[in-house]
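Residues per chain, in single letters:
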Amino acid sequence: MSVLVEEISMADLGRLLQERYEQAAENVRLEAQVRSELTAGQFGPGDVADAGSLASESAQQELVSAALQEQLDRLDAALRRWEDGTLGTCESCDSQIPAGRLEIMPWATHCVPCQRTQSGRH
Ligand SMILES: [Zn+2]
């Protein structure tokens with residue numbers, strides 16, 4: 001299938017979201033596993049010199065974990081919106097968010113112009 005799909009149907013989008021959600025959930029699971037292994041090592045007998053690098057490693061892991069969790073939350077919220085039938089509607093101007101944008105960013109709650117206005121405010 002080498003056809004360039006310009007329009008993705010809402011059903012396709014839902015399936016895509018479901019897949020990404022499952023993938024994200026799996027990533028969170030795997031990451032938690034890695035983290036518990038790291039933590040287990042951290043509390044083992046080691047010299048104090050290593051404590052600093054372990055701590056920064058753990059802080060880095062914390063960031064990864066937070067990012068993965070955020071991704072999962074976003075996908076979860078997008079799935080709910082999809083079930084509600086509100087996915088793809090801009091929350092600011094009620095216009096339809098282009099399917100292409102939703103395919104890349106299914107959790108998008110604003111169309112591109114509104115998103116720009118929003119981030120301009122920060
Ligand atoms: Zn808008």
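In case you missed it, the structure is sitting above this.
Residues numbered from 1 in each chain as written. Predicted model: local features only at pLDDT ≥ 70, side-chain atom pairs only at ≥ 80, totals over all residues. Heavy atoms only, no water.

### Re the overall build of the protein chain
Stage number 1. Summing up its helical and strand segments, the protein chain has four helices and zero strands in all.
Stage number 2. Counting from the amino terminus, the protein chain carries its helices and strands in the arrangement α-α-α-α.
Stage number 3. Buried residues in the protein chain amount to 24% of all 122 residues.
Stage number 4. Contacts in the protein chain between residues at least 24 apart in sequence constitute 55% of all its contacts with a sequence separation of at least 6.
Stage number 5. As presented, the protein chain carries roughly 8,500 Å² of accessible surface, and 54% of it is formed by carbon and sulfur atoms. (Helix = DSSP H or I, 4+ residues; strand = E, 2+ residues; numbered from the N terminus. Buried < 20%, exposed > 50% of the residue type's maximum accessible area, 1.4 Å probe, protein only. Contact = heavy atoms within 4.5 Å. Areas by Shrake-Rupley, 256 points an atom, 1.4 Å probe, with all protein chains shown as cover.)

### Points about the coordination of the zinc ion
Stage number 1. The coordination sphere of the zinc ion contains the protein donors Cys90 (SG), Cys93 (SG), Cys111 (SG) and Cys114 (SG), at a distance range of 2.3 Å.
Stage number 2. Coordination of the zinc ion draws on donor residues from a single chain, spaced C-x2-C-x17-C-x2-C in sequence. Summarising the burial analysis for this pair, Cys111 and Cys114 share the class buried. (Donors = N, O, S within 2.8 Å, 3.2 Å for Na, K, Ca; no water.)

### Describing the pattern of salt bridges
Stage number 1. Tallied over the full model, the rule gives seven salt bridges.
Stage number 2. For the salt bridge of Arg74 with Glu70, the shortest nitrogen-to-oxygen distance reads 3.9 Å. Here Arg74 and its partner Glu70 are both found in helix 2 (residues 48-84), four residues apart, which amounts to about one turn of the helix.
Stage number 3. When salt bridges with common partners are traced through the structure, they connect Glu31, Arg35 and Glu62 into a single cluster. (Salt bridge = Lys/Arg side-chain N within 4 Å of Asp/Glu carboxyl O.)

### What to know about unusual backbone geometry
Stage number 1. Phi at Asp94 takes a positive value of approximately 65 degrees, unusual for a residue other than glycine.
Stage number 2. Asp94 sits in the exposed class, given a relative accessible area of 63%.

### Side note on the environment of Gln18
Stage number 1. As for its placement among the helices and strands, Gln18 is situated in helix 1 (residues 10-42).
Stage number 2. A relative accessible area of 34% places Gln18 in the partly exposed class.
Stage number 3. When the C-alpha positions of Gln18 and Ala78 are compared, they lie 9.6 Å apart, and in sequence the two are 60 residues distant.

### A look at the nonpolar core
Stage number 1. Judged by nonpolar contacts, the single largest core of 20 residues is most densely connected at Leu13 and Leu17.
Stage number 2. When residues of this core are traced back to their parent elements, those giving at least two are helix 1, helix 2 and helix 3 (99-104). (Core = buried A, V, L, I, M, F, W, Y, C linked by side-chain atoms within 4.5 Å.)

These figures come from the coordinates and say nothing about function on their own.
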